[in-house]
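Analysis of the macromolecular model
If you want the building blocks of each chain, they are given just below.
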Amino acid sequence: GQQVMQIPQYQHVQEGEDFTTYCNSSTTLSNIQWYKQRPGGHPVFLIQLVKSGEVKKQKRLTFQFGEAKKNSSLHITATQTTDVGTYFCAGYDDYKLSFGAGTTVTVRA
Amino acid sequence: NAGVTQTPKFRVLKTGQSMTLLCAQDMNHEYMYWYRQDPGMGLRLIHYSVGEGTTAKGEVPDGYNVSRLKKQNFLLGLESAAPSQTSVYFCASSYIIFYGYTFGSGTRLTVV
């Protein structure tokens, strides 16, 4: 089955800095979704990318889908303490999503 | 609009006991899923359902059973709990394929 890998596993960021987390698939993805889970919370859907090379922005978050539809990235600018949490990417495998292990982000004030 | 509701939120079981986790959604979603989340392992799919009366195995189905007798409810059963089933369990639903998932708030299960 499809495997989705995320790097890095942990990201420690100084408040105000930018960072990027990456998602790579062993197979071509029909689409990719990103979720955020706050500490002690549940995953919350952020966005879905469908087209090759697609770029979408949500305020300080920029999501990109690779040209070959096998990788994706999430870039956060000017990190804030509200960005703390684990970010998951997920790709569809038949009728269900296969999730990466996530990137856990901590922020130093 | 409650979304996805999971009960109970916390539970401690003794090894060998059984229990049922309930997931209810009020969004008329067709698809429902049960995941478990363990530290460093992300979300692993246990079972899922693509419609009322249907169920299918996911990545880690052993030791679990499910039922979807009504469209809005998806039940996860543990027949004989084991310590390896200590985890946080999340239910999710989606309208149809390729839509984003709505997750419940989770059930934290400890098996001693």
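That block above? That's the structure.
Just so we're clear, the structure is a prediction, and the values are computed from it rather than from any experiment.

1. A few points about the sheet that holds strand 7 (residues 61-65) of chain A
All names here are of chain A.
- Spatial ordering of the open sheet is given by 1-3-8-7-6, a layout of 5 strands whose pairing is antiparallel. Sheet topology places strand 1 (4-7) and strand 6 (55-58) at the edges, where each strand pairs with a single neighbour. On average, adjacent strands in this sheet sit at an angle of 15° to one another, irrespective of strand direction.

2. Points about the pattern of salt bridges
- Counted under the stated rule, the structure contains 5 salt bridges over all chains.
- Here Arg60 of chain A ties to Asp83 of chain A by a salt bridge, and the two come within 2.8 Å at their closest N and O atoms. One end of the pair, Arg60 of chain A, is in the loop between strand 6 and strand 7; the other, Asp83 of chain A, is in the loop between strand 8 (71-76) and strand 9 (85-93), and 23 residues separate them in sequence.
- The class of Asp83 of chain A is buried, set by a relative accessible area of 4%.
- Between Arg36 of chain B and Asp38 of chain B there is a salt bridge whose closest N-O contact spans 2.9 Å.

3. Some remarks on the interface of chain A and chain B
- Listed by partner, the interface residues are 20 residues for chain A and 21 residues for chain B.
- Summed over both sides, the interface of chain A with chain B buries roughly 1600 Å², with 61% coming from carbon and sulfur.
- On inspection of chain A and its partner chain B, the count reaches 0 salt bridges.
- Summed over the shared surface of chain A and chain B, the number is 8 residue pairs in polar contact (both at pLDDT 80 or more).
- For the side of chain A that touches chain B, the secondary structure elements donating two or more residues are strand 4 (32-37), strand 5 (43-49), strand 9 and strand 10 (96-99) of chain A.

4. Remarks on the sheet that holds strand 7 (residues 64-67) of chain B
All names here are of chain B.
- On the basis of which strands lie adjacent, the open sheet formed by 4 strands has the order 1-3-8-7 and antiparallel pairing. Strand pairing shows two members of the sheet lacking a second neighbour, strand 1 (4-7) and strand 7, which therefore form its edges. With direction set aside, neighbouring strand axes in the sheet form an average angle of 20°.
- Two elements, strand 1 and strand 3 (residues 19-25), share 4 bridges in a ladder whose sense is antiparallel. Paired with Thr5 across the strands is Ala24, a residue of strand 3.

Rules behind the numbers
- Residues numbered from 1 in each chain as written.
- Chains lettered and ligands numbered in written order.
- Predicted model: local features only at pLDDT ≥ 70, side-chain atom pairs only at ≥ 80, totals over all residues.
- Heavy atoms only, no water.
- Pairing = 2+ DSSP bridges.
- Helix = DSSP H or I, 4+ residues; strand = E, 2+ residues; numbered from the N terminus.
- Axes fitted to C-alpha atoms, helices over the stretch in contact; angles between N-to-C directions.
- Salt bridge = Lys/Arg side-chain N within 4 Å of Asp/Glu carboxyl O.
- Buried < 20%, exposed > 50% of the residue type's maximum accessible area, 1.4 Å probe, protein only.
- Contact = heavy atoms within 4.5 Å.
- Buried area = accessible area lost by both parts, 1.4 Å probe.
- Polar contact = N/O pair within 3.5 Å; in protein donor to acceptor, adjacent residues only side chain to side chain.

By themselves, these are just geometric observations and shouldn't be taken as functional.
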